[in-house]
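One-letter residues, chain by chain:
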Amino acid sequence: MQAERKNSAAKWLYGAITALVLIILPFVLEKGFSEYYLYLATKIMVWALFAMSFNLALGYGGMMSFGHAAFFGIGAYTCSLLLVKTSCPLPLAFVIAPFVAAGAGVIIGFFSVRIKGVFYFATITLSFAQLAYILAFKWRSFTFGDDGIQGIPIPALISTDETYINYYFFALIIIVICIYVLWKIVKSPFGLMLRSLRENPERATFVGMKVENYRLIAFVISAFFSGIAGVLYAFLETAISPDILFWSMSGEVILMGLLGGMHIFLGPALGATIMVLLNSFITSYTEYWGMVLGIALILIVLFFPKGVGGLMLEQYQKWMKRKGV
Amino acid sequence: MAILEIKGLRKSFGGVMAVAGMDLKVEDGHIDSIIGPNGAGKSTLFNLISGYYPCDEGRVFFKGQDITDLPPQKIAKMGIGRSFQVTNIFPKLTVFENIQATFLYTRGKGLKLFSDLKKFFTQEAEEILSNVGLIDQAGELAGILAAGDRKRLELGIVLATGPDLLLLDEPTCGMSPKETANTIDLIKEIAEKESLSVLFTEHKMDVVFGIAFHITVMNFGSIIAAGKPDDIRANEKVQQIYFGENRCSSK
Ligand SMILES: Nc1ncnc2c1ncn2[C@@H]1O[C@H](COP(=O)(O)OP(=O)(O)O)[C@@H](O)[C@H]1O
Ligand SMILES: [Mg+2]
């Protein structure tokens, strides 16, 4: 009882510190460094949301989707097209986009959740995502093809023309809400269902569970939040191109999950932080980002199956134990 | 009335006739047993009843309803709970979560997306864990339990589905004689308390004689003998084919 209270007090403390850091950080970055670092911090948050959304499918649902770029991209495209081509107000476009991404999740999920085996699941989701990529690339009249969508109109309140500060806070609020909802889901009865079917779908079936239904729901939720990440990305960059639907985007988000640790709630966010930083620093030295990525993936899978997050957690627990003794 | 009735059930794998046209009845409220050497077809019979494999021929009736070749989830929902010869649990969930998850599925609460997990079936799960003697290990990961404890956890999972008929495939496989005796007592106690019917397979003859109302002896997919424990004990054919064996395999 007392330990529990102490525990929850510690949680509040960590929470307060994190909140404080996230609020002060943008000012420090802007004053102490440059706008670019503020942009980078926002980019990390957006990718963190994408990676955590994706991880609901991979880490919790046991579904190795190689097609999550589709949901990210569909979110970004839906919102951008609505803003550029129609007089749809921004808040409405923002709300519609993740639902369209979720709709795509229903379709892709419907065909993939009953498929057994990591490889086949990855292949079918990849195929669907590449289809979305080709559509965006070829269907010029609708999507502007490889020109992409430039100059997405963003209201002055969150405009990034002069400073990224406002947008940083806008994205922060939305991302914190999304992560809170994801947390609630993971800790809910549904979350336990997901973990159990990831562990042992056969046992789950023989206690009466319709495994596919649970998988599909998790997949659609994952697509929904990936769609929100896509919208935030579009606003951050104010321009998008079919590249955000390409398979390498799906590969990057997988890598973030594995790197950070897919069995830890915040693991993928850590993975996103490392990857975005590496990406922006390494690409300024080398053009071989893809190769660096590939090598990193192999090393992680070989040496850190639990990810950097898992490694850190292990060390922390060891340290706590030693302190306790 | 028979809770389970099997008529002319047949299943072959390639050239192997695993179940070669079997008839079997389990009366409501009975604890019956199927015995037979390794490879006799006992597990396959369970796999046919519970919907794991499709049947080649024959029908399965549960409470008078034809359930042949229904999907396993449906059969489970109708009230047949099964355990597996190779223990089948959720290894990376805690012992408690194993049972809680089963309650959530069975009672249709698995789609609660935003509710607090702690509010669901805590008491019910604890009750089951006390019944199967695992309450002290409630917080441990299921995968690190000893073999006998894992078997009992699977029994707990099956009980949590609220079945009317238990199909237990070698429920004492891998247990010491003392553990075996305890587990058999436990099964009997629970079956009586919850008025369940039980059909279980076994290797250890002495175990079976102490608990079963009715024993069916299988070999090569067919019934060699069937009857009360005393009849089976006296049956020469059974002694010939059977008494060499005494180990279960957890392949
Ligand atoms: N999935 C399968 N594929 C091929 N052969 C099988 C399969 N399952 C069981 N068999 C065969 O069917 C026969 C009966 O096996 P089983 O039902 O496991 O026997 P028991 O449980 O009585 O030991 C054996 O010869 C076994 O090799
Ligand atoms: Mg067997």
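> Requested: an account of the interface of chain B and chain A, with residues and values cited.
Facing the 35 residues of chain B at the interface are 27 residues of chain A. Note on chain B versus chain A: buried area summed over both sides is about 2700 Å², and carbon and sulfur give 67% of it. Linking chain B with chain A are 2 salt bridges. Put simply, E97(B) and R195(A) hold a salt bridge, and the shortest N to O gap is 3.1 Å. For the interface between chain B and chain A, the tally reads 12 residue pairs in polar contact (both at pLDDT 80 or more).

> So what about the coordination of the magnesium ion (ligand 2)? Which residues, and what values?
All names here are of chain B. For the magnesium ion (ligand 2), the full set of protein donor atoms is S43 (OG) and Q85 (OE1), and the range of their distances to it is 2.0 to 2.1 Å. Within this pair, whereas S43 is found in helix 1 (residues 42-49), its partner Q85 is found in the loop between strand 6 (80-82) and helix 3 (95-106), the two being separated by 42 residues in sequence. Residue class for Q85 comes out buried when judged on its relative accessible area of 13%.

> Which residues make up the pairing of strand 9 (residues 214-219) of chain B, and what are the values?
Residue and element names in this part refer to chain B. Of all 6 residues that make up strand 9, 5 are buried, and the element is covered over most of its length. The pairing of strand 3 (residues 31-35) with strand 9 spans 4 bridges and is parallel. Bridge assignment links S33 to a residue of strand 9, and that residue is I215. Sheet topology note: the strand 9/strand 10 (residues 222-227) ladder contains 5 bridges and is antiparallel. Across the sheet, residue I215 finds its bridge partner in strand 10, namely G227. Where strand 9 folds back on strand 10, the antiparallel hairpin that results is connected by 2 residues, among which F220 adopts a positive phi of roughly 45°.

> How would you explain the confidence of the model for chain B if you had to name every residue and give the values?
The predicted model of chain B averages 88 in pLDDT, with 96% of residues at 70 or higher. The complex model carries a pTM of 0.85, and its ipTM stands at 0.80.

> Which residues make up the site of ligand 1, and what values do they have?
Residue and element names in this part refer to chain B. Near ligand 1 lie 13 residues; those nearest to it are G39, K42, S43, T44 and Y53. Within the side chain of S43, a nitrogen or oxygen atom sits 2.8 Å from an oxygen atom of ligand 1. When ligand 1 sits alone it has 560 Å² of accessible area, and the protein chains cover 68% of it. Mapped by element, the contributors of at least two residues to the shell around ligand 1 are strand 2 (16-27) and helix 1. Here the shell around ligand 1 gets 3 residues from one element, more than from any other, and that element is helix 1.

> An account of the packing of aromatic side chains is needed here, citing residue identities and associated values.
On inspection of all chains with the given rule, the structure shows 33 aromatic pairs over all chains. Ring geometry for F119(A) versus Y120(A): centroids 5.6 Å apart, planes at 75°, classification edge-to-face. Residue classification places Y120(A) among the exposed residues on the basis of a relative accessible area of 53%. Aromatic side chains Y52(B) and Y53(B) sit 5.1 Å apart centroid to centroid with 80° between the ring planes, which places their arrangement in the edge-to-face category. Assessed through its relative accessible area of 32%, Y52(B) is described here as partly exposed. Classification of Y53(B) as partly exposed rests on a relative accessible area of 28%. Ring pairing ties together the aromatic residues F33(A), Y36(A), Y37(A), Y39(A) and Y164(A), which thus form one cluster. Seen from the ring of F206(A), R82(B) lies directly overhead, with NZ or CZ sitting 5.6 Å from the centre. A cation over an aromatic ring shows up here: R233(B) above the ring of F209(B), its NZ or CZ 4.3 Å from the ring centre.

> I'd like to hear about the pattern of salt bridges, residue by residue, with values.
Between side chains of opposite charge, a pair can form when the charged atoms approach closely. Residues and elements named next belong to chain A. The final tally for this structure, using the stated rule, is 10 salt bridges over all chains. A salt bridge links K31 to E30, with the shortest nitrogen-to-oxygen separation between them at 3.8 Å. In this structure K31 comes out as exposed when scored by relative accessible area, which is 68%. A salt bridge links E199 to R198; the nearest nitrogen and oxygen atoms lie 3.6 Å apart. Taking relative accessible area as the criterion, R198 reaches 22% and is therefore assigned partly exposed.

> Please provide a residue-by-residue account of the nonpolar core, values included.
Judged by nonpolar contacts, the single largest core of 149 residues is most densely connected at W47(A), I228(A), L232(A), F235(A), I240(A), I99(B) and L153(B). The element best represented in this core is helix 2 (residues 35-60) of chain A, accounting for 18 residues. The next biggest cluster of nonpolar side chains, apart from the first, holds 24 residues, and it includes V26(B), A40(B), L45(B) and I75(B).

> Tell me about a positive patch on the surface, and name the residues and values.
Together, K11(A), K187(A), K118(B) and K119(B) line one region of the surface with positive charge. Position of K119(B) relative to the elements: it lies in the loop between helix 3 and helix 4 (122-131).

> Tell me about the side chain of N219(B), and please be specific about residues and values.
One can find N219(B) in strand 9. On the accessibility criterion, N219(B) (12% relative accessible area) is buried.

> Describe helix 5 (residues 118-138) of chain A, listing the residues and the values that go with them.
In a regular helix each residue adds 1.5 Å, so 21 residues correspond to 30 Å; helix 5 of chain A covers 30 Å between its end C-alpha atoms and thus fits that length. In this structure, the buried side of helix 5 of chain A is in contact with helix 3 (69-85), helix 4 (90-112), helix 6 (140-143) and helix 10 (211-237) of chain A.

Rules used in this analysis
Residues numbered from 1 in each chain as written. Chains lettered and ligands numbered in written order. Predicted model: local features only at pLDDT ≥ 70, side-chain atom pairs only at ≥ 80, totals over all residues. Heavy atoms only, no water. Contact = heavy atoms within 4.5 Å. Buried area = accessible area lost by both parts, 1.4 Å probe. Salt bridge = Lys/Arg side-chain N within 4 Å of Asp/Glu carboxyl O. Polar contact = N/O pair within 3.5 Å; in protein donor to acceptor, adjacent residues only side chain to side chain. Donors = N, O, S within 2.8 Å, 3.2 Å for Na, K, Ca; no water. Helix = DSSP H or I, 4+ residues; strand = E, 2+ residues; numbered from the N terminus. Buried < 20%, exposed > 50% of the residue type's maximum accessible area, 1.4 Å probe, protein only. Pairing = 2+ DSSP bridges. pLDDT = per-residue confidence, 0-100. Near = heavy atom within 4 Å. Areas by Shrake-Rupley, 256 points an atom, 1.4 Å probe, with all protein chains shown as cover. Phe/Tyr/Trp six-rings, centres within 6.5 Å; stacked < 30°, edge-to-face > 60°. Lys NZ or Arg CZ within 6 Å of the ring centre and 35° of its normal. Core = buried A, V, L, I, M, F, W, Y, C linked by side-chain atoms within 4.5 Å. Patch = residues over 30% accessible without salt bridge, like charges linked within 9 Å, V, L, I, M, F, W, Y side chains within 5 Å. Lys, Arg positive; Asp, Glu negative; His and termini not counted. Charge placed at Lys NZ, Arg CZ, Asp CG, Glu CD. Expected span 1.5 Å × (residues − 1).

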